[in-house]
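# Chain and residue survey
What follows is each chain in one-letter form.
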Amino acid sequence: MSAEIQITVNGESRNIPANTSITALLSTMNLKPEKVAIELNRRLVRTAQYETELKQGDKIEIVTFVGGG
Amino acid sequence: METFHIKNFAIRNRLFVGTGKYANYEIMQQALDASACQVVTVAVRRERLIDAAGRSLLDYLDLNRYTILPNTAGCFTAEDAVRISLLGRDLLEKQKNPGAGWVKLEVLGDKKTLLPDPVGTIEATRELVKEGFTVLAYTSDDPRAAVRIKEAGAAAVMPAGSPIGSGQGVLNPLNISLCMELLKENDANFPVIVDAGVGTASDVSIAMELGADGVLLNTGIAHAKDPVKMAHAMRHALEAGRLSYKAGRIPRKRYATASSPFTGVITYIPGE
């Protein structure tokens, strides 16, 4: 079965295959897990939980450092 | 310069420099180098979803050299400041940077003035201390607000010289010196860092002469015509101000005091 689910990534709606993990999502976005920090539904997700599978309606924020004062 | 401590963080250079608003990363690198800073501030933002160049700030900061101080810029509520702090700490833990565990807390009131919201700052300080953070709290130059933030558990208080990026320098030296006095009462080593508003090198000296333990700035260097040259100037101004503070300035007097003696003069003196 290759059902799709809809999630929100950094404020943008995105369709992904069901059972996609955070690790897999990062990989499809060409992002290195060690260069980002992640929030799922407004809660910090630690690296050990990146195998968590995303669910329909999840809101994920992928952040990094930018210049600031 | 002598080392001071913010909780377990040993600070060898008292100039804290921001990484925002440089024309490009190469100029930022040169300016940071010229400033001789140890601590650099960064902001936490969304990873850009489409980024052809793929240039990331992390690739341009020598993480073995600099201690990264993540800020909560852009936060207007205590809750958001805690979220951003947790993300910043996680990201720094991944980099194995000593900055994992401290945060420059900003809880602002509105986008136009960027003035700190004292109530939100106090709430966020309490929460972050519970989460184990070493909190460096940005605040206005109000001495009583500064004391409340210290009481909430901040490891350092950072009163503003003037609004962020305004380049107006230390607008109220009296308030800044009262912040020093009240925050350091029976606690001489409590760190106070003047943050925001620096426009030029003399502003840094003034802050240090008032007894600040350090100065945090960004725009004053990043938007100078020659950021690298200004970074040099800021570095020397900080050292001059610190030395001057430690040396102890003379009191201001209403009238002149001659440096050459009047004893033995052979010349005409008015009124004598």
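The notes below deal with the structure included here. Remember, predicted model here, so these are calculated numbers, not experimental data.

### Notes on the overall build of chain B
Each helix and strand counted, chain B has eight helices and 10 strands in total. Expressed as lengths along the three principal axes of its C-alpha atoms, the size of chain B is roughly 80 × 40 × 35 Å. Taking the contacts inside chain B whose residues are at least 6 apart along the sequence as the reference set, 64% of them involve residues at least 24 apart.

### Digging into the overall build of chain A
A tally of helices and strands in chain A yields one helix and five strands. From first element to last, N terminus to C terminus, chain A shows the α and β order β-β-α-β-β-β. The C-alpha radius of gyration of chain A comes to 12 Å, within 12% of the 11 Å expected for a compact globule of 69 residues. Across the 69 residues that make up chain A, the buried fraction comes to 22%. Contacts spanning at least 24 positions in sequence make up 53% of the contacts within chain A whose residues lie at least 6 apart.

### Overview of the environment of A207(B)
All names here are of chain B. Take A207: it is sitting in helix α6 (residues 201–209). Put simply, A207 and A224 are 17 residues apart on the chain and 19 Å apart in space, counted from C-alpha to C-alpha. Those residues in contact with A207 that lie beyond four places of it in its chain are G161, V170, I176, V194, A212, V215 and G241.

### Remarks on the environment of R83(B)
With respect to the helices, strands and loops of the structure, R83(B) is situated in helix α2 (residues 78–95). By C-beta crowding, R83(B) is classed as buried, having 20 other C-beta atoms within 10 Å. With 45 residues separating them along the chain, R83(B) and L128(B) place their C-alpha atoms 9.7 Å apart. Those residues in contact with R83(B) that lie beyond four places of it in its chain are E39(A) and R42(A).

### As for the sheet that holds strand β8 (residues 156–159) of chain B
What holds strands together in a sheet is hydrogen bonding between their backbones, with the strands either parallel or antiparallel. All names here are of chain B. Strand order across the open sheet formed by three strands is β6-β7-β8, with parallel pairing between neighbours. Of all the strands in the sheet, just β6 (102–105) and β8 have a single pairing partner and so form its edges. Strand-to-strand, the axes of this sheet are offset by a mean angle of 15°, without reference to chain direction. Taken together, the four bridges between β6 and strand β7 (residues 134–139) define a ladder with parallel strand orientation. From the neighbouring strand, K104 faces β7, where its bridge partner is L136.

### Regarding unusual backbone geometry
If you check the backbone angles, N41(A) has positive phi at about 50° while not being a glycine. Mapped onto the elements of the fold, N41(A) is located in the loop between β3 (37–40) and β4 (43–45). Residue N41(A) is classed as exposed on the basis of its C-beta count, with 12 C-beta atoms lying within 10 Å. Located in the positive-phi region is K21(B), a residue other than glycine, with phi close to 70°. As for its position among the elements, K21(B) is in the loop between β3 (15–18) and α1 (25–35). Residue K21(B) is classed as partly exposed on the basis of its C-beta count, with 16 C-beta atoms lying within 10 Å.

### Thoughts on the interface of chain A and chain B
Bring the parts together and some accessible area is lost; that lost area is often taken as the interface size. Listed per partner, the contact involves 20 residues of chain A and 27 residues of chain B. Put simply, the parts of the chain that give the side of chain A that touches chain B at least two residues each are β3 and β5 (59–67) of chain A. Here the side of chain A that touches chain B gets seven residues from one element, more than from any other, and that element is β5(A). Its residues assigned to classes, the side of chain A that touches chain B shows eight nonpolar, five polar and seven charged. Bridge analysis of β5(A) against strand β4 (residues 39–46) of chain B gives five bridges, and the strand direction is antiparallel. For T64(A), the partnering residue across the bridge sits in β4(B) and is R45(B).

### Remarks on the nonpolar core
All names here are of chain B. In this structure, L105, L136, I193, A207, V215 and M234 are the most contacted members of the largest nonpolar core, which totals 92 residues. In terms of residues, this core owes the most to one element, α2, which gives eight residues. Ignoring sequence-local partners within four residues, the contact set of L136 consists of I6, W102, V103, K104, L105, A155, A156, M158 and I193.

Thresholds applied
Residues numbered from 1 in each chain as written. Chains lettered and ligands numbered in written order. Predicted model: local features only at pLDDT ≥ 70, side-chain atom pairs only at ≥ 80, totals over all residues. Helix = DSSP H or I, 4+ residues; strand = E, 2+ residues; numbered from the N terminus. Contact = placed C-beta atoms within 7 Å. Rg over C-alpha atoms; globule rule 2.2 N^0.38 Å. Buried ≥ 20, exposed ≤ 12 C-beta atoms within 10 Å, placed from the backbone. Pairing = 2+ DSSP bridges. Axes fitted to C-alpha atoms, helices over the stretch in contact; angles between N-to-C directions. Nonpolar A, V, L, I, M, F, W, Y, C, P; charged D, E, K, R; others polar. Core = buried A, V, L, I, M, F, W, Y, C linked by C-beta atoms within 7 Å.

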